[in-house]
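One-letter residues, chain by chain:
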Amino acid sequence: MEKSSLCDFILDRNKRITWQGDCYVDLQSTHSNPSIKVEMEDVGWIKEHRGPLCRFTTKRLLEGAVSHMRMLELLCADEETQIKALDKLQDQVDTFTTILMCKEPQASDALRAFIENYDSQVSQLITMHDDMVKEHKEVLQHRFGPHSDSLTADHHGLNVASRALLLVDGLSDLQQKEHDLMQVEATRGTKRHHTRQLGLAKLLEPLSRISLPPRVSLTLGVSGIGKSTLVRSFVQLWCQGEICTDVSFILPLAFWELNAFEKISMEKLVKLAFPHLPDPSLVLSGSCRTLFILDGLDEFRCPLDFSEAAPCNDPKKEVPIDDLVTNIIRGNLLPAAAVWVTSRPSVGSNVPGGLVDRVTEIPGFSQKDIQLFLNNCFSDKHLVGQIWAHLVSNKIFMVMSYVPGICWILASTAGYLLQSGCQEGLPRTCTEFFSHFCSMKAEAGEPRGREPLKAEQLHGNRKLLGALGRLAFYGLLKHKHTFSEQDMRAYGVDLPSTQSSLGSGVLVREESPVCVAFRFTHLSIQEFLAATYYHTSSKRAIFDLFTESAVSWPKIGFQNHFRSALQRSQQAEDGHLDVFVRFLAGLLCPTAVRPLAGLLALGKDDNGGLKGWAAGLLQSLLASGGAVVSLRSVNIAYCLQELQHTELLRSVEEDLKNGSLGGKLTRTHCVTLAYLLHVSPECTEETNLSSCMDIATVKSLLPQLLYCSHLRLENNHFKDDVMELLGSLLSAKDCHIQKLSLADNGISNKGAKALSRALLVNRTLSTLDLRGNRIGAKGAKFLAEALKTNQVLVSINFQNNQIEEEGARALAEVLQSNRRLLSLNIQKNSIGPDGARWIANALKTNRTLTELILCSNQLGDKGTSALALGLMVNHSLLSLHLQSNSISDKGMTALTKALRSNHGLLFLNLRENSIGMKGARDMAKALQENNSLRDLDLTANLLHDEGVKAIAGAIKVNQALTSLHLQWNFIKCTATKALADALLTNTTMQLLDLQENAIGDEGVEALAGALKTNTSLCTLCLQGVSAGRSGAIALAEALMVNKSLHTLDLRGNTIGMEGAKALARALKTNRTLKSLNLQENSLGMDGAIFIATALKGNNQLTYINLQGNGIGESGAKVIADAIKTSSSDCIVEI
């Protein structure tokens, strides 16, 4: 066949149908010549390997191939020019192969021979790559397919692949130094603030167009968070072609597998772990993109030493296994390969930060996730509700459920107990939960109808639990969490017995082509079993159990061993014995150890009086220790909780709740308070330590305050030295504080300077309250300089700090550059008209500030006029407070002129100024044009009837205003009638405040008439308006018709018994009123009884005030009880 006809034959795909693979049946041709079949097979070679050709052809290889084809006259000069004219190598190779496909079979044979001679390894990759990848994916899908591990969250409806990782800036001090569970408890299970989310599919991608993909990625997560589950999910998605399609090979290795080797080469390791790969050198050559996954660094038996490891860049050379790992991470071995390491945080810190390109963190369960988890675990919704209620009522369990592994333990145990009809209620401590969990796993069958254990089963379980406890304890001491079969036998574990209900419930067996290993289902299970071993063994041991095989001084009696365990725990800097000693203390509580009595062979009173003795010892430890409360000390309080000795804990919590900690913060109380910061509901949303702290207690609690999200330290008489401490707190990498109130202390400019230094580096604080200090203009300047750089703070309060004009000028400069600040309060700072001018000029360019509070600053008309000019340009400010600034009609004229063009301001506070009738008329004109203002406060001005009548006229037209405050404005009935008339047509007004205006019954009657038709007004404030019987009767008649009013305030009037009687009749039919205030209205006993009786048919009322009505104490109690009986949810003040 001629070349041109063969080319046409190949390219005209519409004339062919697929038969098998790359063979085709020609629908137009009837050729049966054997030579044609040979030519078709030759054509299939280039086409079959075109993908690998495009992937593995380098620029140098392409240049050589093009030159070779030119020499063989298989490429012409024009074709060579066409190829070289393209910019991208991929396009050049694609065009090159397309041209050659039209010149078969000679071109195919020539190209194949050239590549084999040029680089045999590349040739092998091109011919073998696709088949190798296909087989590799099949093997990985089988190896990493659906898993039977109960902790795999995907089994409970939580798709791991869809959960985003958190991109973090390295490890915090807490993560590097503390036990996993303590990390979760100290931060209350909250994730780090200001972190970026990263989907699993983007794990290996660059973060921006100009950045490079990471070579070494480190993913951190506490034990049980789902690191291996994440790896499993990642491998499955890659095998399915959903992520990282440019990666040819993923080689997942767990560190428990690497523990099987002493010395090994890279090639041999790959060959042993992945025996299906025909030639590991092809995978490791660097020609194809490869990802090494090293899962579970915390399970590696060798500590990594990056400073001493001998360099190695030869994949064929055998080196110690720890050196092999360090050389992979360093990039000495396989520099072109990507590496993904997973680890618990404390061990992950052993990898030098300079070698890691990307650090991510696996977030735990949110409360929504926990609910979803429970709903997918149990089909019985009532059961789910009971478990959820128990978690909510016990803050510590809710915090621990942040970890999916622990959430599974708590949920499965609680579900089992509820389904079994447990009469003692659900567990109140972790020790109780874990005792029931182990007891549950030892049982045979389902919760209901389960068979009682036979004697031989009980004996076998008892023996297994003892052996596993010993394994767990000595493993814990060595920081060892995975065990070989040899380890199991060494500690007396009978391997077949691990397949029993108890064994399979607390152990997981891992198997790979390399080795077999065992681990406990969760770290906390290992810690609990270790505690059970120590608890039982210490009662008969005569030597120190912590020295497994070494000679030690005799140590006889449980009390000595218990002391020894506490001492070891307190001395362990990494806290790895914290949870162990909690369980050890908890096992002294009869209710906690009872479920295991048979398995541990305990008598009825085996613990004797040890609980009381242990409580005394623990409390004495609370009082001892250094000046700073460490997490080791806090763990003692956790031990008391597990021991169920909670008198001290409850006492301090009550003081915290009532704000009565002042003068009580001894060392013992400080430690207890630090514990409560972790677990108390009182500290969940806000930690209020006002009026109780001094510099000594701040120093003591400083490390624990780090993890409070909203911290109030008001009225503590703090001086500048405390600000140095708090500055260090805010500068810490671990800082979680988002809101900080230091109001009403003694902070001067020096303290402000310390805070300003912290604000330069802090990345969490969004709200800072400094009101009532004395930072002055100089302090304001220090803070202003920091605010120019800080991009986190959104609200700052400088109220009453004597910053004056100079300070206002500094803050104005902040407004010109800062693009994050939303709220600025400089109330009561004597900034004067000139200070207002600086602020006003800044408003002309600022587009982010939404709230500005300038009350009590002696602005006068000049300052107000300057602000008005700013408002004519600025349309982003939403709220402006100008209370008590001596603003007269002149200033009002300037403001109202601005309001006519401003379309952003929603709230304007002009209380307690000197605005008269002219100012009111100007405001009325502005309201007729302005369509943005929602809330206008003109309380305590000089509007009189004439001014209010003008505003009432504007309300008829304005359909934007929702709240109007006219308290203390010398208003009479004439203006009130005008307002009532406006309400007949206005459909937006929701609040009208006319307090302390002598509108009388006539005015109230007019308003009542309007209420019969108005459908928008929700709140009407008529305190002290000289309303009497007839006014109340008119309002009552309106309430029988009105369906919108929620709040009615009639304090300080004289409606009397008759008025109360009329309102009572209305309450029997009205179903919308929620709050009614009748304080000081001369109701008498009879009037109050009328109101109380009316509530029998009204369950909508949630608040009623009947104080100051001459009812007397006995009458008040009768009426209050009657109201409570009729409407139990109603708050009664009487």
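About the thresholds
Sequence order sets the numbering: in each chain, residues are counted from 1 along the sequence as written. Local features in a predicted model are, by the rule used here, given only for residues with pLDDT of at least 70; side-chain atom pairs are given and counted only at 80 or more, and totals for whole chains, interfaces and linings are based on all residues. Values shown for side chains rest on all heavy atoms present in the structure; no hydrogens or waters enter the calculation. Counting from the N terminus, the helices are DSSP H or I runs at least four residues long and the strands are E runs at least two residues long. Only protein chains enter the calculation, and the probe is 1.4 Å; a residue is then buried if its accessible area is under 20% of its type maximum, exposed if over 50%, and partly exposed in between. Residues count as neighbours in contact if any of their non-hydrogen atoms are within 4.5 Å of one another. In this description, accessible areas are obtained by the Shrake-Rupley approach with a 1.4 Å probe, and a residue is regarded as covered only by the protein chains that are shown. In this tally, Asp and Glu contribute negative charge and Lys and Arg positive charge; neither His nor the terminal groups of the chain are included. Charge placement uses NZ in Lys and CZ in Arg. For Asp and Glu, CG and CD serve respectively. Only centres within 6.5 Å qualify two rings of Phe, Tyr or Trp (six-membered ring in Trp) as a pair; their planes then separate them into stacked at under 30 degrees, edge-to-face at over 60, and tilted for everything else. Any Lys NZ or Arg CZ found within 6 Å of a ring centre and within 35 degrees of that ring's normal is scored as a charge over the ring. Without a salt bridge and with relative accessible area above 30%, a residue can belong to a patch; like charges are then joined within 9 Å and nonpolar side chains (Val, Leu, Ile, Met, Phe, Trp, Tyr) within 5 Å. The term salt bridge refers to a pairing of a side-chain nitrogen on Lys or Arg with a carboxyl oxygen on Asp or Glu at a separation within 4 Å. Each direction from the helix axis to a C-beta atom contributes to the arc, which is the arc of those directions. Pairing between two strands requires that DSSP report at least two bridges joining them. Here a cavity denotes a set of grid points, spaced 1 Å apart and computed over the protein atoms alone, in which a 1.4 Å probe fits but from which it cannot get out, and a pocket denotes an open set meeting protein on both sides within 12 Å along at least five of seven lines; residues with an atom within 4 Å of a point are reported as lining. Grid points are joined across faces, edges and corners, and a volume is the space filled by probe spheres set on the points. Under the scheme applied, nonpolar residues are Ala, Val, Leu, Ile, Met, Phe, Trp, Tyr, Cys and Pro; charged residues are Asp, Glu, Lys and Arg; polar residues are all the others, including Gly. Axis lines are fitted through C-alpha atoms, for helices just across the contact stretch, and the angle between N-to-C directions can take any value from 0 to 180 degrees. Polar contact is defined as a pair of N or O atoms within 3.5 Å, subject to the rule that within protein one atom must be able to donate a hydrogen and the other to accept it, and that residues adjacent in sequence are counted only when both atoms are side-chain atoms. Buried Ala, Val, Leu, Ile, Met, Phe, Trp, Tyr and Cys residues that are joined via side-chain atoms within 4.5 Å together make up what is termed a nonpolar core. Every residue gets a pLDDT, meaning the predictor's confidence in that residue, from 0 to 100.

K.L.:
Please explain the overall build of the protein chain as it appears in this structure.
P.N.:
The number of helices and strands found in the protein chain is 49 helices and 31 strands. Each principal axis of the C-alpha atoms in the protein chain carries an extent, and together these give about 110 × 90 × 60 Å. With 1134 residues in all, the protein chain has 57% of them scored as buried. In the protein chain, 79% of the contacts between residues at least 6 apart in sequence involve partners at least 24 apart. Carbon and sulfur atoms make up 50% of the accessible area of the protein chain, which amounts to about 46800 Å² in all. Here the protein chain contributes 115 positively and 118 negatively charged side chains, and the mean placements of these two sets differ by 4 Å.

K.L.:
Explain the packing of aromatic side chains to me, please; I cannot follow it from the model alone.
P.N.:
The relation between two aromatic rings is expressed through the spacing of the ring centres and the mutual angle of the planes. Taken as a whole and judged by the stated rule, the model has 22 aromatic pairs. Note on Phe528 and Phe583: the rings are 5.2 Å apart at their centroids and 85 degrees apart in plane angle, and the pair reads as edge-to-face. In this pair, Phe528 sits in helix α25 (residues 523–537) while Phe583 sits in helix α27 (residues 578–586), placing the two residues 55 residues apart along the sequence. Across this residue pair, the class does not change: Phe528 and Phe583 are buried. Linked through ring pairs, Phe473, Tyr474, Tyr491, Tyr533, Tyr534, Phe546 and Phe580 together constitute an aromatic cluster. Positioned above the aromatic ring of Phe558 is the side chain of Lys539, whose terminal nitrogen or guanidinium carbon lies 5.8 Å from the ring centre.

K.L.:
Hey, could you run me through a nonpolar patch on the surface in this one?
P.N.:
Among the surface-exposed residues, Ile542, Phe543 and Ile556 lie close enough to one another that they form a single nonpolar patch of about 300 Å² accessible area. Its place among the elements puts Phe543 in the loop between α25 and α26 (558–571). On the accessibility criterion, Phe543 (42% relative accessible area) is partly exposed.

K.L.:
Quick question: what am I supposed to make of helix α5 (residues 77–84) here?
P.N.:
Quick reminder: α-helices carry 3.6 residues per turn. Residues three or four places apart thus point the same way. Those residues of α5 not exposed but buried are Glu79, Glu80 and Ile83. Here the buried residues of α5 occupy an arc of 100 degrees about the axis, which is enough to place them on one side. Relative to its buried face, α5 has exposed residues pointing more than 90 degrees away, namely Asp78 and Thr81. Its buried side turned inward, α5 meets α4 (59–71) and α6 (89–101).

K.L.:
Any chance you could explain the environment of Glu804 here in plain terms?
P.N.:
Along the chain, Glu804 falls in helix α38 (residues 804–817). Once the C-alpha coordinates of Glu804 and Leu979 are considered, the two residues, 175 residues apart in sequence, prove to be 41 Å apart. Those residues in contact with Glu804, other than ones at most four positions away along the chain, are Asn829, Ser830 and Ile831.

K.L.:
Would you take a moment to explain the pairing of strand β6 (residues 249–254) for this structure?
P.N.:
The side chains of a regular strand alternate between both faces of the sheet. Among the 6 residues that make up β6, 6 are buried, leaving the element largely enclosed by the rest of the structure. Burial along β6 is two-sided: the residues Phe249, Leu251 and Leu253 and Ile250, Pro252 and Ala254 are all buried. Note: β6 against strand β8 (residues 290–295), 6 bridges, orientation parallel. When the bridges of β8 are listed, Pro252 appears paired with Ile293.

K.L.:
Help me understand empty space enclosed by the protein, please; the structure alone is not making it clear to me.
P.N.:
Following the criterion strictly, the structure yields 7 cavities of 30 Å³ or more and no others. By volume, the largest cavity amounts to about 220 Å³. Forming the walls of the largest cavity are 18 residues, and the residues nearest its centre are Gln175, Gln183, Thr187, Glu361 and Tyr402. Grouping the amino acids of the lining of the largest cavity by side-chain chemistry returns 8 nonpolar, 7 polar and 3 charged.

K.L.:
Help me out: how do you make sense of the sheet that holds strand β14 (residues 516–520) in this one?
P.N.:
Remark on secondary structure: sheet strands pair via backbone hydrogen bonds, oriented parallel or antiparallel. Sheet architecture is open: 3 strands sit in the order β12-β14-β13, paired in antiparallel fashion. Only two strands of the sheet have a single neighbouring strand rather than two, namely β12 (482–484) and β13 (507–511). For this sheet, the mean angle separating the axes of adjacent strands, direction not counted, is 30 degrees. Where β12 and β14 come together, 3 bridges link them in antiparallel fashion. Counterpart to Thr482 in the pairing with β14 is Arg519.

K.L.:
What is the right way to read the pattern of salt bridges from this model?
P.N.:
When the charged atoms of two side chains with opposite charge come close together, those side chains can pair. For the structure shown, the criterion picks out 35 salt bridges. Of the charged contacts in the structure, one is a salt bridge between Arg582 and Glu185, with a shortest N-O distance of 2.7 Å. Residue Arg582 is found in helix α27, and its partner Glu185 is found in helix α10 (residues 180–186); the two are separated by 397 residues along the sequence. The pair formed by Arg582 and Glu185 is uniform in burial state, with each residue classed as buried. Here Glu946 makes a salt bridge to Arg921, at a shortest N to O gap of 2.8 Å. Placement of Glu946 in helix α43 (residues 944–957) and of Arg921 in helix α42 (residues 917–929) is noted, with a sequence separation of 25 residues between them. By sharing partners, the salt bridges in this structure join Glu686, Arg712, Glu714, Asp744, Asp769 and Arg771 into a single network.

K.L.:
Whenever I open this one, the sheet that holds strand β5 (residues 216–220) confuses me. Can you help?
P.N.:
Taken in spatial order, the 7 strands of this open sheet run β4-β3-β11-β5-β10-β8-β6, and their pairing is mixed. Single-partner strands in this sheet number two, and they are β4 (196–198) and β6. Taken over all neighbouring pairs, the strand axes of this sheet differ in orientation by 25 degrees on average, direction set aside. Sheet strands in contact with helix α11 (residues 227–239) are β3 (165–168), β5, β6, β8 and β10 (338–343), and its direction is about 160 degrees off that of β8.

K.L.:
What exactly am I supposed to notice about the environment of Arg330 here?
P.N.:
Within the element layout of this structure, Arg330 appears in helix α15 (residues 321–330). Between the C-alpha atom of Arg330 and that of Pro352, which follows or precedes it by 22 residues, the distance is 9.6 Å. Discounting residues that sit within four places of it in the chain, Arg330 has contacts with Arg215, Phe306, Ser307 and Leu355. Side-chain polar atoms of Arg330 contact the backbone oxygen of Phe306, separated by 2.6 Å.

K.L.:
Is there a simple way to think about a negative patch on the surface in this case?
P.N.:
On the surface, Glu48, Asp130, Asp131, Glu135 and Glu138 cluster together into a negatively charged patch. Locating Asp130 in the fold gives a position in helix α8 (residues 120–143). Residue classification places Asp130 among the partly exposed positions, given a relative accessible area of 40%.

K.L.:
How do you make sense of the nonpolar core when you look at a structure like this?
P.N.:
Taken as a class, soluble globular proteins show a tendency for nonpolar side chains to be buried jointly. If you look at the biggest cluster of nonpolar residues, it comprises 370 residues, and the most contacted ones within it are Phe234 and Phe580. If we skip the residues at most four places from it in the chain, Phe580 touches Phe473, Leu476, Glu527, Ala530, Ala531, Tyr534, Phe546 and Ala565.

K.L.:
Teacher, can you tell me more about the confidence of the model for the protein chain here?
P.N.:
Close inspection of predicted coordinates is inappropriate in any region flagged by low pLDDT. In this model, the protein chain carries a mean pLDDT of 88, and residues with pLDDT of at least 70 account for 92%. Ignoring residues within four places in sequence, the model shows residues 1–43, a span with pLDDT below 50, making 38 contacts including any to other chains. In the predicted structure, residues 445–449 sits below a pLDDT of 50 and forms 6 contacts with residues beyond four places in sequence or in another chain.

K.L.:
Even after reading the chapter, I still don't get the pairing of strand β11 (residues 358–361), so can you show me in this structure?
P.N.:
Residues Arg358 and Thr360 of β11 are buried on one face, and the alternating residues Val359 and Glu361, pointing to the opposite face, are buried as well. Pairing geometry for β3 and β11, over 3 bridges, is antiparallel. Among the inter-strand pairings, Leu166 is bridged to a residue of β11, identified as Glu361. Two strands pair when backbone bridges link them, and β5 and β11 are joined in this way by 4 bridges, in the parallel orientation. Pairing of Ser217 across the sheet is with Arg358, part of β11.

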